[in-house]
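Observations on the three-dimensional arrangement
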Amino acid sequence: MKSGKNEKITIVGGGLSGPVMAMYLSEKGYRVDIYERRLDMRKTNISAGRSINLAVSKRGITALEEIGVFHKISSKLIPMYGRIIHDIDGSTRFMPYGRPDQYINSVSRSELNILLMTEAEKTDRIRILFQHSCSGMDLESGTVFITNEVNGDQVTLQGTPVIAADGSGSAVRESMIESGHISGSFDPLGHSYKELSIPPDKSDEFQLEPNALHIWPRGKFMLIALPNMDRSFTVTLFLPNTGDISFSTVRSLDDLNSLFEKNFPDILKLMPSLQTDYFSNPTGKLGTVRCSQWNVNESVLIGDAAHAVVPFFGQGMNASFEDCTVLNQMIDSSVGWKDLFESFSIKRKIDGDAIADMALENYIEMRDSVNKDRFLNQKDLERQLEIKYPDQFISRYAMVSFHQIPYSTVWERGKVQHKILDWIIENNSADTPVTAEAIEKEIKSKLSVLPLL
Ligand SMILES: Cc1cc2nc3c(=O)[nH]c(=O)nc-3n(C[C@H](O)[C@H](O)[C@H](O)COP(=O)(O)OP(=O)(O)OC[C@H]3O[C@@H](n4cnc5c(N)ncnc54)[C@H](O)[C@@H]3O)c2cc1C
């Protein structure tokens, strides 16, 4: 497509990916209107929703760099070099994410969202219309139905390409499903989350090591903590919705104290506001959105609207930003919006599906496997192989977080690598060790050399 020409594009949703997509489009000369249901969070004290902080890694950083805003947030990122596992007896173990120069970053969701909105509005080609809620679309005519939440006026928008970045409960996706153009589902995880906090200590210092993601894995449930710039930690409790230890059984002060005394005794003393946090913060639902395709005519879904994933790989936002990067790369070679959105959906949906599956698997790794000897042996071996075959054997975590290898490739290679690790561990014994030559033969025959993206 010929870039720009002042053509107008509608984006529904001004959360994390809406403004990123708008900035990519504005760079190409398009005019963009973003319709956002919420109030402007820069003017009112509202939450940016979903979680207080997030982990941003390579894919997200690339998009922020490409739209020219990364340098404005980089000083507000806290590097996390690995996981610190807290055992029930209070002992801790550090598990690096990768090489010493590889890390993910904790960032405040609201600061990032505010930065993105402010940067987007710096160009007169982007407008954000707050308190404008989309109730759905007529996909045949391309009409978007918007309600002005301030005065109740109904606005109908027609004739512009529509990019739906309206999150996991997307109204545009619902219209696509209801009109029979696509099929889609929201599969609940059966577990939910609650945000809690650890304040700084009396000297205004972090109460835990700041450069790590902390995990208290307890089999069927877990607690995690990510650092914030004000030296507090946001702690997230993940519990099943029902069952012995679940949100349905932790209902009173006694239940809560007993849960923490039995399972998280080391952190209890660091959380003076535990009770208030637990009983006043909402319980967030988790699940996976899957769709048969992401496009209908001149409309397309991106971000959580297309592929909300559970948060255990720290990739929902990173994947959503990468959607914007990929869509932007495809614009120039497409013949029109319909063609672009169709090609995008074909190319990218397999990656959305792959990260959704990997994120589900990672929940089991985080809450359970990290405590198992076999898993730890595999991790050790994986690290050795990664050092020896750096462009062939890269851990799945590193492929996801420190590279831009398509998620679908990561998913497939991850399975092959897992089998190789299993094969080595199962066949290795003191009497008949698996030789270095045999391992090399296995790796060279099963894993191609990766172009390092
Ligand atoms: C507990 C938790 C922790 C997470 N941690 C991480 C992490 O560490 N790393 C990571 O990469 N991802 C993480 N995620 C995922 C991340 O939050 C999402 O993937 C990301 O926010 C998706 O961006 P988005 O723009 O698609 O949707 P959102 O950020 O949800 O934005 C959607 C926007 O659309 C607006 N909207 C909704 N409906 C309408 C409507 N009808 N009309 C107009 N506007 C509408 C909303 O108000 C919102 O502003 C986490 C998620 C959760 C729940």
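Predicted model, so just to flag it, every value in this text is computed and none were measured. (Residues numbered from 1 in each chain as written. Predicted model: local features only at pLDDT ≥ 70, side-chain atom pairs only at ≥ 80, totals over all residues. Heavy atoms only, no water.)

What characterises a pair of aromatic rings is the spacing of the ring centres plus the angle enclosed by the ring planes. Enumeration according to the criterion identifies 16 aromatic pairs in this entry. Judged by centre distance (3.9 Å) and plane angle (10°), the rings of phenylalanine 312 and tyrosine 363 are stacked. Placement of the pair is phenylalanine 312 in the loop between α9 (304-307) and α10 (316-331) and tyrosine 363 in helix α11 (residues 337-367), with a sequence separation of 51 residues. Each of the two residues, phenylalanine 312 as well as tyrosine 363, counts as buried. Between the aromatic rings of tryptophan 337 and phenylalanine 341, the centroid separation amounts to 5.7 Å while the plane-to-plane angle is 45°, which identifies the pairing as tilted. Of this pair, tryptophan 337 and phenylalanine 341 are both found in helix α11, four residues apart, which corresponds to roughly one turn of the helix. Residue class for tryptophan 337 comes out buried when judged on its relative accessible area of 5%. In this arrangement the basic side chain of arginine 59 is found over the ring face of tyrosine 407, its NZ or CZ atom lying 4.0 Å from the centre. Over the face of the ring belonging to tryptophan 411 we find lysine 415, whose NZ or CZ atom lies 4.6 Å from the ring centre. (Phe/Tyr/Trp six-rings, centres within 6.5 Å; stacked < 30°, edge-to-face > 60°. Helix = DSSP H or I, 4+ residues; strand = E, 2+ residues; numbered from the N terminus. Buried < 20%, exposed > 50% of the residue type's maximum accessible area, 1.4 Å probe, protein only. Lys NZ or Arg CZ within 6 Å of the ring centre and 35° of its normal.)

Further remarks concern the sheet that holds strand β4 (residues 78-80). The strand order β3-β7-β4 describes an open sheet built from three strands, whose pairing is antiparallel. In the strand order of this sheet, the two ends are held by β3 (53-56) and β4, each with one partner. With direction set aside, neighbouring strand axes in the sheet form an average angle of 35°. Direction of pairing for β3 relative to strand β7 (residues 104-108): antiparallel, over a ladder of four bridges. (Pairing = 2+ DSSP bridges. Axes fitted to C-alpha atoms, helices over the stretch in contact; angles between N-to-C directions.)

Right, let's talk about the site of the ligand for a bit. Residues in close proximity to the ligand total 32 residues, the closest being Ser17, Glu36, Ala55, Arg109 and Asp304. Note that an oxygen atom of the ligand is positioned 2.7 Å from one of the side-chain N or O atoms of aspartate 304. Starting from 1000 Å² of accessible surface for the ligand in isolation, the protein chains cover 93%. Considering every element that reaches the shell around the ligand, the biggest residue donor is α10, with four residues. Looking at the shell around the ligand residue by residue, the classes come out as eleven nonpolar, 14 polar and seven charged. (Near = heavy atom within 4 Å. Polar contact = N/O pair within 3.5 Å; in protein donor to acceptor, adjacent residues only side chain to side chain. Areas by Shrake-Rupley, 256 points an atom, 1.4 Å probe, with all protein chains shown as cover. Nonpolar A, V, L, I, M, F, W, Y, C, P; charged D, E, K, R; others polar.)

Counted according to the given criterion, the structure contains 30 salt bridges. Taking the shortest distance from any N to any O, the salt bridge between aspartate 323 and arginine 348 comes out at 2.7 Å. Separated by 25 residues along the polypeptide, aspartate 323 in helix α10 and arginine 348 in helix α11 bring together distant segments of the chain. Overall, aspartate 323 belongs to the buried group, its relative accessible area being 0%. With a shortest N-O distance of 3.0 Å, glutamate 361 and arginine 396 are connected by a salt bridge. With glutamate 361 in helix α11 and arginine 396 in helix α13 (residues 396-401), the pair connects residues that are 35 residues apart, well separated along the chain. (Salt bridge = Lys/Arg side-chain N within 4 Å of Asp/Glu carboxyl O.)

Those residues of helix α5 (residues 171-178) not exposed but buried are Ala171, Val172, Arg173, Ser175 and Met176. Glycine 180 sits one or two residues past α5 and shows a positive phi near 80°.

Moving on, we get to unusual backbone geometry. If you check the backbone angles, arginine 231 has positive phi at about 70° while not being a glycine. Relative to the helices and strands, arginine 231 is located in the loop between β15 (222-227) and β16 (233-240). The backbone phi angle of asparagine 297 is positive, close to 50°, even though this residue is not glycine. Tracing the sequence through the fold places asparagine 297 in the loop between β18 (295-296) and β19 (299-301). Relative accessible area serves as the criterion here: at 26%, asparagine 297 is assigned to the partly exposed category.

Together, Tyr81, Phe94 and Tyr103 make up an exposed nonpolar region whose accessible area comes to about 280 Å². You can see tyrosine 81 is positioned in the loop between β4 and β5 (82-86). (Patch = residues over 30% accessible without salt bridge, like charges linked within 9 Å, V, L, I, M, F, W, Y side chains within 5 Å.)

By the criterion of burial, β7 is predominantly enclosed, with four of the five residues buried. The pairing of β4 with β7 spans three bridges and is classified as antiparallel. Bridged to isoleucine 78 within β7 is serine 106.

Below, the discussion takes up the layout of surface pockets. Estimated volume of the second largest pocket: approximately 620 Å³. Looking at the second largest pocket, it is lined by 29 residues, and the ones nearest its centre are Gly98, Arg99, Gln102, Ala398 and Phe402. When contributions to the lining of the second largest pocket are tallied by element, the ones reaching two or more residues are α2 (58-66), β6 (92-96), α12 (373-388) and α13. Looking at the lining of the second largest pocket, the element that brings in the most residues is α12, giving five residues. Here the lining of the second largest pocket is composed, by residue class, of 13 nonpolar, seven polar and nine charged. (1 Å grid on protein atoms, 1.4 Å probe; cavity = no way out; pocket = protein on both sides within 12 Å on 5 of 7 lines; lining within 4 Å. Points joined across faces, edges and corners; volume = space filled by probe spheres on them.)

This next bit is on the environment of tyrosine 407. Structurally, the position occupied by tyrosine 407 is in helix α14 (residues 407-427). The spacing of tyrosine 407 and histidine 181 is 226 residues in sequence and 26 Å in space, taken between C-alpha atoms. A polar side-chain atom of tyrosine 407 sits 2.5 Å from a polar atom in the side chain of glutamine 315.

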